[in-house]
Amino acid sequence: ALAPPRPYVHSNGVDEDQKSLNKKAFASMQPPSLSHYERRNKRGNKTAAKKDNATLALAPPRPFVYRGEVDEEQKQEEIAPQEDICHEETRPGAERVGGISWDGNEEDDNLADFPTENTDSSRPTNEYLAEAHIVKEPILVAATPDSWLRRNRWWIFGGSVVIFMIIIVVVVSTTVGTSDLPTPAPTSVAEGVEEYIRILVENELPVEPLNDEAIDWVTKQRIAEGDISYTDQRALVQYSLVTLYLSTTDDDMELVKTDRLMGSDEECHWYGVSCEDGVPTGLTMANDGLKGSIPPAISLLSNSLTNLDLSQNSLNGFLPSEMFALTQLSILNLSHNAFQGGVPNTINQATNLTRVDLSENQLDSTIPPEIGDVSALTSLNLSNNDMIGSIPSQIGYLSMLEELDLCHNSFSYGLPSEMGHLTTLTKLN
């Protein structure tokens, strides 16, 4: 790239003005040391060799002299100012000095050293017999250095792709849980229906364990009757009732079918169930020897159940908070059992409650202040328990209350003054 421009040789001689300019340009240049190129050749630096080839590849096409005559068309293209350039070449017999091909003879810059006739019959007669540089001014062009980014661009690209894929895998693995993965396809119709019923119930009771016997019963009913007559709502109602029967008796499913389901597939014919227009609205099993606890699945009757009477049995455990999700419930009677704990603060969800009887149990907590939100309440009986604390002032919000029985408990701090707002109260114990 540092080679000075060569003179253009006409067929009739050398351009003396151009030759003078070239000599001045060459005299002012300091050729680089040979040691650099020697060391580079010893190392076998292929990259440097490629760079030299690239530099030569950028050189414009050379004119050729055919039997001592210059191709005038090629000459005019080479003389164009926008293509003025100098580059290195090795002339026959020339010595390479500091990367510059020069024969050391300043006087002999014509075509005397080049053959003018084609002596080799194997070469075409129109092959280049001589070359000459055609420049108007001495211009030096430096080769662009081979940067680190250019040499390693494929490694950088590959590394970027790998890092991107790792990020995608990490994001997907953290955002997609195992529960979102597709479940294996069922191998039979029964398995498919059972899986559907499980999903249906889990959507309503996401935190409660399912009763497998009740699921199996509902699955068989769905298969026997078909999807059209056996709706999702009916499946939830039957699952709730079967679960209640199994939870409050020691009977297995075979006995439940006989004693509770009465051998019928219609829930309106089951033990203790009363219906209106084919929809269960009441469940009465008072003094029936029930024991165990009320399952949370009772809440699946929320769309229709208005009356629940499980009094005078041996039921125990805590009152499920899901029970007060029965938004249509009007009468609740759980008296004379062995329930413990307190009244759930979810009681304000059952806004249609009119009568609540939780007397004769073992309730040992406080009355929740949310009781004041059940504005339709007309009768409240919490007598004969072990309830403690104070009577909440919110009880004065029960403007329709007619009967209030809180006897035989362990309340403290007396009666709240807000009870004076109970203008419809006719019975107070």
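Residues numbered from 1 in each chain as written. Predicted model: local features only at pLDDT ≥ 70, side-chain atom pairs only at ≥ 80, totals over all residues. Heavy atoms only, no water.

Trainee: So what exactly am I meant to see when it comes to the state of the cysteines here?
Mentor: Here, the word disulfide means a covalent bond between the sulfur atoms of two cysteines. Taken as a whole, this structure holds one disulfide when the rule is applied. The disulfide bridge from Cys268 ends at Cys275, spanning 2.2 Å between sulfur atoms. Looking down the S-S bond of the Cys268 and Cys275 bridge, the torsion is -100 degrees, so its handedness is left-handed. When its relative accessible area of 27% is taken as the criterion, Cys275 is described as partly exposed. (Disulfide = S-S within 2.5 Å. Buried < 20%, exposed > 50% of the residue type's maximum accessible area, 1.4 Å probe, protein only.)

Trainee: Hey, could you run me through the packing of aromatic side chains in this one?
Mentor: Here a ring pair, both rings aromatic, is described through the centre-centre distance and the interplanar angle of the planes. Counted by the stated rule, this structure contains three aromatic pairs. One aromatic cluster is present, formed by Trp217, Tyr245 and Trp270 through successive ring pairs. (Phe/Tyr/Trp six-rings, centres within 6.5 Å; stacked < 30°, edge-to-face > 60°.)

Trainee: What exactly am I supposed to notice about the pattern of salt bridges here?
Mentor: Think of it this way: side chains of opposite charge can pair up when their charged atoms draw near. For the coordinates displayed, the defined rule picks out eight salt bridges. Between Asp212 and Arg198 there is a salt bridge, and its shortest N-O distance comes to 3.0 Å. Placement of Asp212 in helix α8 (residues 212-229) and of Arg198 in helix α7 (residues 189-204) is noted, with a sequence separation of 14 residues between them. Notably, a salt bridge pairs Arg234 with Glu266, separated by 3.4 Å at the nearest N-O pair. Of the two residues, Arg234 sits in helix α9 (residues 232-247) while Glu266 sits in the loop between α10 (253-259) and β7 (273-276), which places them 32 residues apart along the sequence. For Arg234, a relative accessible area of 12% translates into the label buried. For Glu266, a relative accessible area of 37% corresponds to the partly exposed category. (Salt bridge = Lys/Arg side-chain N within 4 Å of Asp/Glu carboxyl O. Helix = DSSP H or I, 4+ residues; strand = E, 2+ residues; numbered from the N terminus.)

Trainee: I would appreciate a short explanation of the pairing of strand β11 (residues 314-318) in the present structure.
Mentor: A regular strand carries its side chains on alternate faces of the sheet. Where strand β9 (residues 291-292) meets β11, two bridges bridge the pair, whose relative direction is parallel. Counted as the bridge partner of Gly292 is Leu315 from β11. (Pairing = 2+ DSSP bridges.)

Trainee: What's the story with the packing of α7 against α9 in this structure? I'm lost.
Mentor: Think of two packed helices as two axes; the pair is described by the angle between the axes and how far apart they sit. One can describe the packing of α7 onto α9 by two numbers: an axis separation of 11 Å at closest approach and a directional angle of 75 degrees. Between α7 and α9, the angle is such that the two are roughly perpendicular. Across the interface between the two elements, Tyr196, Ile197, Leu200, Val201 and Glu204 of α7 pack against Asp232, Ala235, Leu236 and Tyr239 of α9. Its residues placed into classes, the contact of α7 with α9 shows seven nonpolar, no polar and two charged. (Axes fitted to C-alpha atoms, helices over the stretch in contact; angles between N-to-C directions. Parallel < 35°, antiparallel > 145°, perpendicular 65-115°, else oblique. Contact = heavy atoms within 4.5 Å. Nonpolar A, V, L, I, M, F, W, Y, C, P; charged D, E, K, R; others polar.)

Trainee: Would you mind showing me how to read the pairing of strand β8 (residues 279-284) here?
Mentor: Relative to β8, β7 runs antiparallel, the two being bridged by four bridges. When the sheet's bridge partners are listed, Glu276 is paired in β8 with Val279. With antiparallel pairing between neighbouring strands as the criterion, β7 and β8 make up a hairpin whose turn holds two residues, including Asp277 at a positive phi of roughly 55 degrees. Two strands pair when backbone bridges link them, and β8 and strand β10 (residues 307-309) are joined in this way by three bridges, in the parallel orientation. Counterpart to Gly282 in the pairing with β10 is Asn307.

Trainee: Explanation requested: the confidence of the model for the protein in the structure shown.
Mentor: It should be kept in mind that the predicted coordinates are not to be read in detail where pLDDT is low. Residue-level pLDDT values for the protein average 75, and 62% of them are 70 or greater. Per-residue pLDDT stays below 50 along residues 63-69; that stretch engages in 22 contacts with residues further than four places along the chain or on separate chains. Long-range and interchain partners of residues 178-186, a stretch whose pLDDT sits below 50, account for four contacts in this model, where long-range means more than four residues apart. (pLDDT = per-residue confidence, 0-100.)

Trainee: Just checking my understanding: could you explain the environment of Arg198 for this structure?
Mentor: The sequence separation of Arg198 and Asp216 amounts to 18 residues, and the corresponding C-alpha distance is 9.8 Å. Those residues within four positions of Arg198 in sequence are excluded, and the remaining contacts are Leu210, Asp212 and Ile215.

Trainee: Please explain the side chain of Asp405 as it appears in this structure.
Mentor: Tracing the backbone shows Asp405 in strand β18 (residues 403-405). Although Asp405 lies buried, it forms no salt bridge, and the closest oppositely charged side chain, Lys427, sits 5.2 Å away as judged by the N-O distance. Among the polar contacts made by the side chain of Asp405, one reaches the side chain of Asn429 at a distance of 3.3 Å. Look past the residues within four positions of Asp405 in its chain and what remains in contact with it is Leu380, Asn381, Leu382, Ser383 and Asn429. (Lys, Arg positive; Asp, Glu negative; His and termini not counted. Polar contact = N/O pair within 3.5 Å; in protein donor to acceptor, adjacent residues only side chain to side chain.)

Trainee: Can you help me understand the sheet that holds strand β14 (residues 355-357) in this one?
Mentor: In a beta sheet, neighbouring strands pair by backbone hydrogen bonds and run either parallel or antiparallel. Spatial strand order, β7-β8-β10-β12-β14-β16-β18-β20: eight strands in an open sheet with mixed pairing. Each of the sheet's edge strands pairs with one partner strand only, and the pair in question is β7 and β20 (427-428). In terms of strand pairing, strand β12 (residues 331-333) meets β14 through three bridges, oriented parallel. Counted as the bridge partner of Ile331 is Arg355 from β14.

Trainee: Honestly, a nonpolar patch on the surface in this entry has me stumped. Any pointers?
Mentor: A contiguous nonpolar surface patch, about 750 Å² in accessible area, is contributed by Trp154, Phe157, Val161, Phe164, Met165, Ile168 and Val172. Along the chain, Val161 falls in helix α6 (residues 153-175). We classify Val161 as partly exposed; its relative accessible area is 39%. (Patch = residues over 30% accessible without salt bridge, like charges linked within 9 Å, V, L, I, M, F, W, Y side chains within 5 Å. Areas by Shrake-Rupley, 256 points an atom, 1.4 Å probe, with all protein chains shown as cover.)

Trainee: It is not clear to me how the side chain of Thr249 should be interpreted in this structure. Could you clarify?
Mentor: By secondary structure assignment, the location of Thr249 is in the loop between α9 and α10. Assessed through its relative accessible area of 13%, Thr249 is described here as buried. A distance of 2.7 Å separates the side chain of Thr249 from the backbone oxygen of Tyr245, its partner in a polar contact. With near-sequence residues (within four places) excluded, Thr249 lies in contact with Val256, Arg260, Leu290 and Lys291.

Trainee: Looking at this model, I keep getting lost on the sheet that holds strand β13 (residues 338-341). Mind explaining?
Mentor: Reading across from one edge, β9-β11-β13-β15 is the order of the four strands in this open sheet, with parallel pairing throughout. The open sheet has two edge strands, β9 and β15 (362-363), and neither has a second partner.

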